[in-house]
Amino acid sequence: MSATRTLVLAWSALMCLLFATVGASFVLTGPWSIVTSLAIALAKAALIFWFFMHLREEAGLVRLVAIGAGAWLLILILLSMTDYATRPALGGMTN
Amino acid sequence: MTDSNALDSRPDRNDPHDPGLSETMTERESYLRAGHTLRSWLLTTDHKRIAILYLITVTVFFFIGGAAAVLMRADLVTPQGDLLSNEGYNRAFTLHGVIMVWFFLIPSIPTTFGNFLIPLMIGARDLAFPRLNLLSWYIYMLGGLFTIYVLIAGGVDTGWTFYTPLSSMFANGHVVLVAVAVFIVGFSSIFTGLNFIVTVHKLRAPGMTWGRLRLFIWSHYATSLILVLATPVLSMTLVLMAAERLFGIGVFDPKLGGDPILFQHLFWFYSHPAVYIMVLPAIGVASELVAAAAHKPIFGYWFVAGSSIAIAIISFLVWGHHMFVAGQSMYASAVFSFLSLAVAVPSGIKIYNWTATLYKGHIALDPPFFFAASFIGLFVVGGLTGLVVAMMAVDVHVHDTYFVIAHFHYIMVGGTVSAYFGALHFWWPKMVGRTYFLVWGRLTAIFIFLGFNLTFFPQYILGYLGMPRRYHVYDPAFQVLNVLSSAGASILAIAYVLPFAYLIYSMRYGDPAGPNPWGVTGLEWTVPSPPPKENFAEIPVVTTGPYDYPMELESRDG
Amino acid sequence: MAEPGFVREPFREIRQQHEADMLGMYIFLATEIMLFGGLFAAIFVVRVLHPIEVVEASRRLHYFIGAINTGILLSSSLAVALAVQAARAALARRAALFLVAAAALGVAFLGLKALEYSKEYDEGLLPVFSDPGRFSGPVEHLFMNLYLISTGLHAIHVTIGVLLLGGLALRLTGGALRLPDRVIVVEACGLYWHLVDVIWVFLYPVLYLAR
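Residues numbered from 1 in each chain as written. Chains lettered and ligands numbered in written order. Predicted model: local features only at pLDDT ≥ 70, side-chain atom pairs only at ≥ 80, totals over all residues. Heavy atoms only, no water.

Caption draft 1: Structural detail: the overall build of chain C. If you tally the helices and strands in chain C, you get six helices and zero strands. Helices and strands appear in chain C in the N-to-C order α-α-α-α-α-α. The proportion of buried residues among the 211 residues of chain C is 64%. Long-range contacts, defined here as pairs at least 24 residues apart, represent 76% of the contacts in chain C between residues at least 6 apart. Within chain C, the 17 negative side-chain charges are centred at a point lying 6 Å from the centre of the 16 positive side-chain charges. (Helix = DSSP H or I, 4+ residues; strand = E, 2+ residues; numbered from the N terminus. Buried < 20%, exposed > 50% of the residue type's maximum accessible area, 1.4 Å probe, protein only. Contact = heavy atoms within 4.5 Å. Lys, Arg positive; Asp, Glu negative; His and termini not counted. Charge placed at Lys NZ, Arg CZ, Asp CG, Glu CD.)

The structure is reproduced here in structure tokens:
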């Protein structure tokens, strides 16, 4: 059954990514660490959405909803960061 | 209004033995008579009946919130503030805000007119998830009961914004309970929005392409996007605020390394788009009323439709303009100030297109037109002063003054409430099948317009002169303007109560409306008034655009 | 594809109904993403404000238990995906079996999570229950508060998911849920479970692996 094989392959890829993210946490620090771990998490989420959550078979509209939710979350985080990344007293607020 | 097309003859009014005194054939087959028990109303999944349930409850909350406003305006007649205690005044404006925002303005037009009209306008028998629709009314009621409980138990004094650290560390009163009420009612919003989006995508009648959708549908679609994407963030913010108050988790507390401004970021990420949740449906109503009054196709259909979507998207990019003086970084303030000015573009497009639609139209001076004209005028004033407060430098001067109060009341009350009453007057004959006295409708619209301006225009001046919001003891120099404002509020209060007298009267004694009393286009005007339970005997096939004027079927004498 | 089943009001055809159900479920998931999104935004802000302290606090978490739990949730997602596949082929028993397996993995996740909380309690790291004086500093206390709220909220979602999957398995074996007519119910519950998994996929590195 090829459909089953696809699902199992997706799962193996997910497990590999899990090892990768734990491994990376031993090596990387600072901004590189957070960028890498978020990139890996995004890749995992993409695999789950695409293979497990049937996005592969759904119409463009449903894909748009999935992407839209992510895009809106990005608006929330990025625009908040325009404030926190440019505070003059960053880190000095609490000693 | 002539009833040349009323098919059913009215029973003899003078015959006291006629049991059918107040019932016509259409009414007997309508959704209103599809079941007479209370149970048949409380367990209904018919979108029209749920709309009526919402209409009643939303209106009740409007008057509760209005009563709080009456108390405040009465207190503000004298500069000493001798009607309410300091604490009492704080609780009055908080409840006014909480009830008006979450229990009236946000649900008002979508849950009543949206619920009633979306399936009728797109040619469907119901919303996509009828049981979810009923559930969302019950969730709304649960949140409402919590709020009423808080009202009886003594209220809250944080203001509707729940700013930390006031709400988390200092405020007395039932902060957590109100947060729970707003949290609950959020789910009602989410389910309504979800239902509308799926309905518009999947239940359009054959031939009902996107370009043939009414502008009312477009603006409700845009509203639903905001409801679905913004409301959950508010839910999480309230959870964090309640946890901060109960356990001192510190996320908004600098002592533990948190940031009080983070609350404002999260809160306004919801609450600024929420302003457009309130005003976009009103814009949709205005588009319908303008086209109906002018009996002309709407000018620049795609621009009006597209600008609704543009407003929905841009509304998420501007929240920081509430925080210019809160300690936000100057760079972020500049970004938000610039983005805020961008919202004016799609709003301006709408105003110009409505005006162009009316130009050279055969305008029918019916009550809906009076409300639409009043909406446009007040929305322009509210919108332009919105630009004033969106500019960082000016906002520093008028921040937290009555200028801001006047600005958002022009949008919320002048805009949304006018549109709510306009929609009520336009679709009332469709909802109950009877017409009301048009003269009273026109008078109400005029009284609302005059009373509103008398109430809120003085507040612009007060704010510009420096009177801060949320104080009931003020400099005696401000008294004249405050008395004017309170006088206007009493006119406004009468004008808001008036329609309920003649509209309820019309339900029994009005003349049968016929399917299309205004002589306008639209699928909802092709079915009997009031509509039968299944809306359409047969799902219609749509072959024409949304504002296909001049109409061939019948023409009104202009 | 023409699917078997019956059409409810107000739909006209089965395909339209299926698409509407899927779209509705996805929009609901979008609201879940935004719900946790507010929490993620708060965690990121705390990290930007206190980069060093957050890393120190994160190092004291049991990243190994978290990794095992991630693996458990990923595997349960595979089981749910296989269950949906079986349900589409109208193999009710097989689908129920996979659902039970997924629910069991969910219970295992909750068990490990409870073990982790108790270890943190012993170390004086569990807010509300532990003595606040044992935290190394205010930021660690704040970080652990956010940790408890986010993992706690996630655990509530896992619990709901376990109940959903278990109930679904019962209804499938009892014949209360007819296949393939009602396959959409299995698909929708599956989507919910996968999303709970996705949320953990982000929570894990953000909380446990801040370096």
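So that's the structure; there's more coming.
Caption draft 2: Seen up close, the overall build of chain B. For chain B, the helix and strand inventory stands at 17 helices and zero strands. In summary, chain B has a C-alpha radius of gyration of 23 Å against a globular reference of 24 Å for 558 residues, a match within 12%. A separation of at least 24 residues holds for 83% of the contacts in chain B among residues at least 6 apart in sequence. When the 28 basic and 30 acidic side-chain charges of chain B are each reduced to a single mean position, those positions are 4 Å apart. (Rg over C-alpha atoms; globule rule 2.2 N^0.38 Å.)

Caption draft 3: Quick look at the packing of aromatic side chains. Going through the model one piece at a time under the given rule, you end up with 61 aromatic pairs over all chains. Seen from their ring centres, Tyr117(C) and Tyr147(C) are 6.3 Å apart, and the 80° between their planes marks the pair as edge-to-face. Of this pair, Tyr117(C) sits in helix 4 (residues 92-122) while Tyr147(C) sits in helix 5 (residues 138-174); the two residues are 30 residues apart in sequence, bridging distant segments of the chain. Just above the ring of Trp41(B) sits the side chain of Arg49(B); from NZ or CZ to the centre is 4.0 Å. (Phe/Tyr/Trp six-rings, centres within 6.5 Å; stacked < 30°, edge-to-face > 60°. Lys NZ or Arg CZ within 6 Å of the ring centre and 35° of its normal.)

Caption draft 4: Local environment of unusual backbone geometry. Residues and elements named next belong to chain B. Here the amide bond leading from Thr164 into Pro165 is cis, since omega sits at 0°, within 30 degrees of zero. Of note, Pro165 is situated in the loop between helix 5 (130-153) and helix 6 (166-170). Backbone torsion omega between Ser529 and Pro530 reads -10°, so that peptide bond is classified as cis. Looking at the secondary structure, you find Pro530 in the segment after helix 17 (479-509). Backbone geometry places His295, a non-glycine residue, at a positive phi of 50°.

Caption draft 5: View of the pattern of salt bridges. All names here are of chain C. Applying the stated criterion across every chain yields a total of 17 salt bridges over all chains. A salt bridge links Glu19 to Arg15, with the nearest nitrogen and oxygen atoms 3.2 Å apart. Of this pair, Glu19 and Arg15 both sit in helix 1 (residues 14-49), four residues apart, which is roughly one turn of the helix. Here Lys113 makes a salt bridge to Glu116, at a shortest N to O gap of 2.9 Å. One end of the pair is Lys113 and the other is Glu116, both in helix 4 and three residues apart, which spans about a single turn. (Salt bridge = Lys/Arg side-chain N within 4 Å of Asp/Glu carboxyl O.)

Caption draft 6: Highlighting the interface of chain C and chain B. With 32 residues of chain C at the interface, the matching set in chain B holds 39 residues. Across the chain C to chain B interface the summed buried area is about 2,800 Å²; carbon plus sulfur atoms make up 78%. The largest per-residue losses of area from chain C upon contact with chain B belong to Pro10(C), Arg12(C) and Met34(C), which jointly make up 20% of the total buried on that side. Seen at the junction of chain C and chain B, the total is one salt bridge. Among the ionic pairs, Lys202(B) bridges to Glu19(C), the shortest N-O distance being 2.9 Å. Taken together, chain C and chain B are joined by five residue pairs in polar contact (both at pLDDT 80 or more). Breaking the side of chain C that touches chain B down by element, the ones donating at least two residues are helix 1 and helix 5 of chain C. The element best represented in the side of chain C that touches chain B is helix 1 of chain C, accounting for 17 residues. (Buried area = accessible area lost by both parts, 1.4 Å probe. Polar contact = N/O pair within 3.5 Å; in protein donor to acceptor, adjacent residues only side chain to side chain.)

Caption draft 7: Quick peek at the confidence of the model for chain B. All names here are of chain B. Of all residues in chain B, 95% have pLDDT values of 70 or greater, and the mean over the chain is 90. In this model residues 1-9 is a low-confidence stretch, pLDDT under 50, and it forms 16 contacts with partners more than four residues away in sequence or in other chains. Per-residue pLDDT stays below 50 along residues 554-558; that stretch engages in nine contacts with residues further than four places along the chain or on separate chains. (pLDDT = per-residue confidence, 0-100.)

Caption draft 8: Highlighting the environment of Ile106(B). Looking at the secondary structure, you find Ile106(B) in helix 4 (residues 86-122). Leaving out residues up to four positions away in the same chain, Ile106(B) has contacts with Val101(B), Ser189(B), Leu227(B), Tyr270(B), Ala274(B), Ile277(B) and Met278(B).

Caption draft 9: Representation of the environment of Leu238(B) within the structure. Residue and element names in this part refer to chain B. Along the chain, the position of Leu238 falls in helix 8 (residues 215-247). You can call Leu238 buried: its relative accessible area is 3%. If sequence neighbours within four positions are ignored, Leu238 has contacts with Phe162, Ala179, Val182 and Phe183.

Caption draft 10: Just a nonpolar patch on the surface, in detail. Residues and elements named next belong to chain B. There is a patch of nonpolar side chains on the surface, built from Phe437, Val439, Trp440, Leu443, Phe447, Ile491, Tyr505 and Tyr509 and spanning about 750 Å² of accessible area. Only helix 16 (438-465) and helix 17 provide two or more residues apiece to the nonpolar patch. Considering every element that reaches the nonpolar patch, the biggest residue donor is helix 16, with four residues. (Patch = residues over 30% accessible without salt bridge, like charges linked within 9 Å, V, L, I, M, F, W, Y side chains within 5 Å. Areas by Shrake-Rupley, 256 points an atom, 1.4 Å probe, with all protein chains shown as cover.)

Caption draft 11: Quick peek at the side chain of His409(B). When you line up the elements, His409(B) lands in helix 15 (residues 402-432). Each residue touching His409(B), except ones within four places of it in the same chain, is listed here: His96(B), Gly414(B), Phe452(B) and Phe456(B).

Caption draft 12: How the structure looks around the nonpolar core. Core analysis: the biggest nonpolar cluster contains 284 residues, and Trp102(B), Phe113(B), Phe162(B), Leu240(B) and Trp427(B) have the highest contact counts within it. The element contributing the most residues to this core is helix 9 (residues 260-294) of chain B, with 24 residues. Both domains that furnish three or more residues to this core are identified here as domain 1 (1-57) and domain 2 (59-89) of chain A. When sequence neighbours within four positions are dropped, the list of residues in contact with Leu240(B) reads Ile249(B), Val251(B), Phe252(B), Leu266(B), Leu39(C), Ala42(C), Leu146(C) and Ile149(C). (Core = buried A, V, L, I, M, F, W, Y, C linked by side-chain atoms within 4.5 Å. Domains from an automatic or database assignment.)

Caption draft 13: Spotlight on the interface of chain C and chain A. At the interface, 44 residues of chain C touch 46 residues of chain A. Buried surface at the junction of chain C and chain A, both sides included, amounts to about 4,100 Å², of which 79% is carbon and sulfur. When the buried surface of chain C facing chain A is broken down by residue, Tyr26(C), Leu74(C) and Arg211(C) rank first, second and third, together holding 15% of it. Where chain C touches chain A, the interface holds one salt bridge. Among the ionic pairs, Glu57(A) bridges to Arg88(C), the shortest N-O distance being 3.2 Å. Taken together, chain C and chain A are joined by six residue pairs in polar contact (both at pLDDT 80 or more). Elements with a contribution of two residues or more to the side of chain C that touches chain A: helix 1, helix 3 (63-88) and helix 6 (183-208) of chain C. Of the residues forming the side of chain C that touches chain A, the biggest block, 17 residues, is contributed by helix 1 of chain C.

Caption draft 14: Just the side chain of Asn195(B), in detail. Residue and element names in this part refer to chain B. Mapped onto the elements, Asn195 comes out in helix 7 (residues 175-202). Judged by its relative accessible area of 1%, Asn195 is buried. A distance of 2.9 Å separates a polar atom in the side chain of Asn195 from the backbone nitrogen of Phe129. In this view, Asn195 contacts Leu127, Ala128, Phe129, Leu132 and Asn133; residues no more than four positions away in its chain are not counted.

Caption draft 15: Examining the packing of helix 16 of chain B against helix 17 of chain B more closely. Residue and element names in this part refer to chain B. Contact geometry of helix 16 with helix 17 gives a least axis separation of 8 Å together with a crossing angle of 155°. For the element pair helix 16 / helix 17, the angle class is roughly antiparallel. The handedness of the crossing between helix 16 and helix 17 is left-handed. (Axes fitted to C-alpha atoms, helices over the stretch in contact; angles between N-to-C directions. Parallel < 35°, antiparallel > 145°, perpendicular 65-115°, else oblique. Left-handed = near helix turned anticlockwise from the far one by under 90°.)

Caption draft 16: Local environment of helix 15 of chain B. Residue and element names in this part refer to chain B. At Phe426, helix 15 shows its largest kink, close to 45°, and the proline Pro429 lies no more than four residues downstream. Helix 15 sits mainly inside the fold: 30 of its 31 residues count as buried. At the N-terminal end of helix 15, a side-chain oxygen is found 3.1 Å from the backbone nitrogen of Phe403, two or three residues along, and the residue is Thr401. (Bend = angle between axes of the 7 residues up to and from the residue.)

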